[in-house]
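# Per-entry structural report
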Amino acid sequence: MALIPSLSSCTRCLSGFTVKHNNTKRNNPNADNMLPERDEPITLEELKLWKESFDFLMKSIAGQKNFREFLRSEYSEENILFWVACEDLKNETDPDLIEEKARMIYEDYISILSPKEVSLDSRVREAVNRNMVEPTNSTFEEAQCQIYTLMHRDSYPRFLNSQRYTSLVQQLQSS
């Protein structure tokens, strides 16, 4: 079972870990192709763990990929793309790249002109706008936690009841 490496604590949201993507380009903050490649097959035990814990689903490479496909089918893929881009930003240490990535994330997911705009409450949106004056690798922390919570409470239960998830379980139970 392939897990995404590098865990750190997050006291403000449910995630509790930071993802490092080895196949990303350092200067490409666009999260569209940032989910890691899958090397090994999914096991029935892994699927059961996904059902027990959203955190485990999000720590699993295959979990993120399957959840992303599900979100795409629900027209809400931008949520996981934003979350992954924020995880990538958290791992950045170069100040110039932090600013570049933060601006790209803002344009792609926060700007009201973006077709991939994530749904944030006004308080969090205002905090992000204040943080963008001098972006850091934690500029989107509140927004990321809000989107993580939204996915956990809203999309995750539907994913577990989806044809995608139940088909994976049935396929592995029959093999």
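Below you will find a few notes about this structure. None of the values given here were measured: they were computed from a predicted structure.

Turning our eyes to something else, we now look at the overall build of the protein. A tally of regular secondary structure across the protein gives eight helices and zero strands. Starting at the N terminus and ending at the C terminus, the protein contains elements arranged as α-α-α-α-α-α-α-α. Buried residues in the protein amount to 47% of all 175 residues. Put simply, 66% of the contacts in the protein that link residues at least 6 apart link residues at least 24 apart. Accessible surface, the protein: about 9100 Å² in total, of which carbon and sulfur atoms supply 48%.

The next thing to look at is the environment of Glu-77. Along the chain, the position of Glu-77 falls in the loop between helix H3 (61-73) and helix H4 (78-90). In this structure Glu-77 comes out as buried when scored by relative accessible area, which is 15%. Along the chain, Glu-77 and Val-118 lie 41 residues apart, while their C-alpha atoms are 9.5 Å from each other. In this structure the side chain of Glu-77 is engaged in a polar contact, spanning 2.6 Å, whose partner is the side chain of Arg-72.

A few words on the packing of aromatic side chains. For any pair of aromatic rings, geometry is given as the distance between the ring centres together with the angle between the planes. For the coordinates displayed, the defined rule picks out ten aromatic pairs. Seen in terms of ring centroids, Phe-54 and Tyr-148 are 5.0 Å apart; in terms of plane orientation they differ by 55°. Their pairing is tilted. Of this pair, Phe-54 sits in helix H2 (residues 54-59) while Tyr-148 sits in helix H7 (residues 141-160), placing them 94 residues apart in sequence. Comparing Phe-54 with Tyr-148 shows no difference in burial state: the two are buried.

Within the chain, Tyr-75 stands out as a residue other than glycine whose phi angle is a positive 60°. Take Tyr-75: it is sitting in the loop between H3 and H4.

Every buried residue of helix H1 (residues 44-52) is listed here: Leu-44, Glu-46, Leu-47 and Trp-50. Along the long axis of H1, the arc covered by the buried residues comes to 160°, so they all point the same way. Turned more than 90 degrees away from the buried face of H1, the exposed residues are Glu-45 and Glu-52. On its buried side, H1 packs onto H2, H3, H7 and helix H8 (163-174).

A separate point is the pattern of salt bridges. Two side chains carrying opposite charge are able to pair once their charged atoms lie near each other. Going through the model one piece at a time under the given rule, you end up with eleven salt bridges. Arg-72 serves as the salt-bridge partner of Glu-69, at 2.6 Å between the closest nitrogen and oxygen. With Glu-69 and Arg-72 both in helix H3 and three residues apart, the pair spans about one turn of that helix. Glu-69 gets classed as partly exposed once you look at its relative accessible area, which sits at 30%. Judged by relative accessible area, Arg-72 falls into the partly exposed class, the value being 34%. Asp-154 is paired through a salt bridge with Arg-158; the nearest N and O atoms lie 2.9 Å apart. With Asp-154 and Arg-158 both in helix H7 and four residues apart, this pair spans about one turn of that helix. According to the relative accessible area criterion, Asp-154 is partly exposed, its value standing at 36%. Linked through salt bridges whose partners overlap, the residues forming this network are Arg-68, Glu-69, Arg-72 and Glu-77.

Calculation notes
Residues numbered from 1 in each chain as written. Predicted model: local features only at pLDDT ≥ 70, side-chain atom pairs only at ≥ 80, totals over all residues. Heavy atoms only, no water. Helix = DSSP H or I, 4+ residues; strand = E, 2+ residues; numbered from the N terminus. Buried < 20%, exposed > 50% of the residue type's maximum accessible area, 1.4 Å probe, protein only. Contact = heavy atoms within 4.5 Å. Areas by Shrake-Rupley, 256 points an atom, 1.4 Å probe, with all protein chains shown as cover. Polar contact = N/O pair within 3.5 Å; in protein donor to acceptor, adjacent residues only side chain to side chain. Phe/Tyr/Trp six-rings, centres within 6.5 Å; stacked < 30°, edge-to-face > 60°. Arc of directions from axis to C-beta. Salt bridge = Lys/Arg side-chain N within 4 Å of Asp/Glu carboxyl O.

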